[in-house]
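Working through the structure, step by step
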Amino acid sequence: MKLKDYEFGFADATKEYIRKPEIFENAFYDTRNIVDKLINGFEFLLVGRKGVGKSAYSAKIQSLSKLPDNELVAKLMNLSDFEFSTFAKTGIDSDVSGTQKYKSSWDFVLLFTIYKTLFNDLQMTECDPINDIIYLLDQAGFSLDSEYKADIVRLTKVKLGIGVVNLDAEFEKKYNTSPNSYLERISVITEKMLYSISKVYLNDRKVIIVIDGLDDILRYKKNKAEIISSLIRSVDFINDKVAQFNKKIKIVLLIREDIIAMLNDPDLNKIIQDGAIILNWNNRLDELKKIVDLRFKLCGLTEKNAEECWDKIFPTKIRGKTSWIHVLDHTLYKPRDILQFLKYCQTEYPDNETLTLSETQNVLKVYSNKYFIEEMKNELSGFIDEDIIYLIPTVFRRLGGRAFDLREIGRLFDEQCNKCVTVESVKTLLLYLFDAGYIGQLVSNGNKNGTKRSVIFKYRNPTARIDYYQKFITHQGLHSGLGVRL
């Protein structure tokens, strides 16, 4: 078979699900039973670095809901275009911070999303408690047919007291109380919404709301930690309440590990400890190979032929290692990395059935330049100043792949931007690069035969901690794209 005949999918799992849903039916690998835990277990946070496959689990859950006679209803709430700047206006009193500042607003948004699913997808039009709440929400200007962006705009108006006359009148008529603040209105509404959910009859059906696309909040500068902390607290709160009602309704949140790391609210630690699944592949290289084999199998190969496919396409050995390990050394052990390498093989040599040593090395160069370096820059975006990110390839190119320390890399940045980078900003950059795996740390180990140095990369050793007094080295996957010769 020619390389162009294989199906390796898309970099974006959501796009992959829309255009190639058969991938999630025939080429999804989940030996840890993460999908089952997210649907049926108490875990609701799927945490992992960018590119480890979180969105693939969202797509798999959605694909399961499309199977005939399946009792699962899965709805994706993609926050990639969420109006965070508008949502920020719904925070409660300015003297409140942490997980409580936006929790009430998130409670409403998430519960209203559940209501839309119950009414529009499960056709629960004859449940009186649900209908009562829908009428109340209609008085407040909220529509079951609207997207969540419109809901956020309307929620902001409620916060400002705009158009709440009918809502307050209905409150007083139905509940003999007239709320006089945003927090009071939203708290009473969410309380009634939760009560109504306790009265619904699902008849063995399950509802899963999957929240993805939270990366977009990194573009927003103000209150992002409080908004995210409040979201996590809200999801945990609603899931616990619904579980108490014994209703099979659950909210699942996909979130990047580096976003979790920037939250410093101690109240969240117990939630994360009890409800998170950490997704990584550092000690599961055989499972990464299985993902690749399943993609080969998509074109009609038998399981045995699919398992042999890699060795038939690539050279047996490269620099003393198998070609599989050699390519892995140019990645961060992420499914997206491996599959994007294979996509570049298709792009560069579509009519080839096999690749020579020089052709494989050429693909690695293209992959490094067009994907790996750009992925590094994208992963830093929102955490590091854009001007510094822009300079990283130039600075790394000047390092030439050799070991460096804090002082040297600081000097190189100074030379590039005329002393615009502080020591603290360089430390912050090194921390994020180290945590993401794009630089490793050289550690000296003394023994009776002398001093031996080893390299520690965090994607291989998740418990590793940065030591600014040690020397660092850039990841091999960056070198060929930067023109570094070792």
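Scroll up for the structure.
In short, a report on the structure. All values reported here derive from a predicted model rather than from experimental measurement.

Assignment of secondary structure puts Thr156 in helix α8 (residues 148-159). Between the alpha carbons of Thr156 and Thr90 there is a distance of 5.6 Å; along the sequence they are 66 residues apart. In this structure Thr156 touches Thr86, Lys89 and Thr90, once residues within four positions along its chain are discounted. There is a polar contact of 2.9 Å between the side chain of Thr156 and the backbone oxygen of Ile152.

Look at helix α18 (residues 357-380): 33 Å from first C-alpha to last across 24 residues, which is about the 34 Å you get at 1.5 Å a residue. The largest bend in α18 amounts to roughly 45 degrees and is located at Ser368. Immediately beyond the C-terminal end of α18, within one or two residues, lies Gly382, with a positive phi of roughly 100 degrees.

Below, the discussion takes up the nonpolar core. One finds Leu79, Trp106, Leu118, Ile232, Phe296, Phe341 and Phe396 to be the most contacted residues of the largest nonpolar core, which totals 167 residues. Aside from chain neighbours lying at most four places away, what touches Phe296 is Tyr6, Phe8, Leu301, Ala306, Cys309, Trp310 and Ile313.

So, on to the packing of helix α7 (residues 128-139) against helix α9 (residues 165-175). Two numbers describe how α7 lies on α9: the axes approach to 8 Å, and their chain directions differ by 145 degrees. Here Asp132, Ile133, Tyr135, Leu136 and Gln139 of α7 come into contact with α9, specifically with Asn166, Leu167, Glu170, Phe171, Lys174 and Tyr175. Each residue belonging to the contact of α7 with α9 can be placed in one class, and the counts come to six nonpolar, two polar and three charged.

Calculation rules
- Residues numbered from 1 in each chain as written.
- Predicted model: local features only at pLDDT ≥ 70, side-chain atom pairs only at ≥ 80, totals over all residues.
- Heavy atoms only, no water.
- Helix = DSSP H or I, 4+ residues; strand = E, 2+ residues; numbered from the N terminus.
- Contact = heavy atoms within 4.5 Å.
- Polar contact = N/O pair within 3.5 Å; in protein donor to acceptor, adjacent residues only side chain to side chain.
- Expected span 1.5 Å × (residues − 1).
- Bend = angle between axes of the 7 residues up to and from the residue.
- Core = buried A, V, L, I, M, F, W, Y, C linked by side-chain atoms within 4.5 Å.
- Buried < 20%, exposed > 50% of the residue type's maximum accessible area, 1.4 Å probe, protein only.
- Axes fitted to C-alpha atoms, helices over the stretch in contact; angles between N-to-C directions.
- Nonpolar A, V, L, I, M, F, W, Y, C, P; charged D, E, K, R; others polar.

On their own, these measurements won't tell you what the molecule is for.
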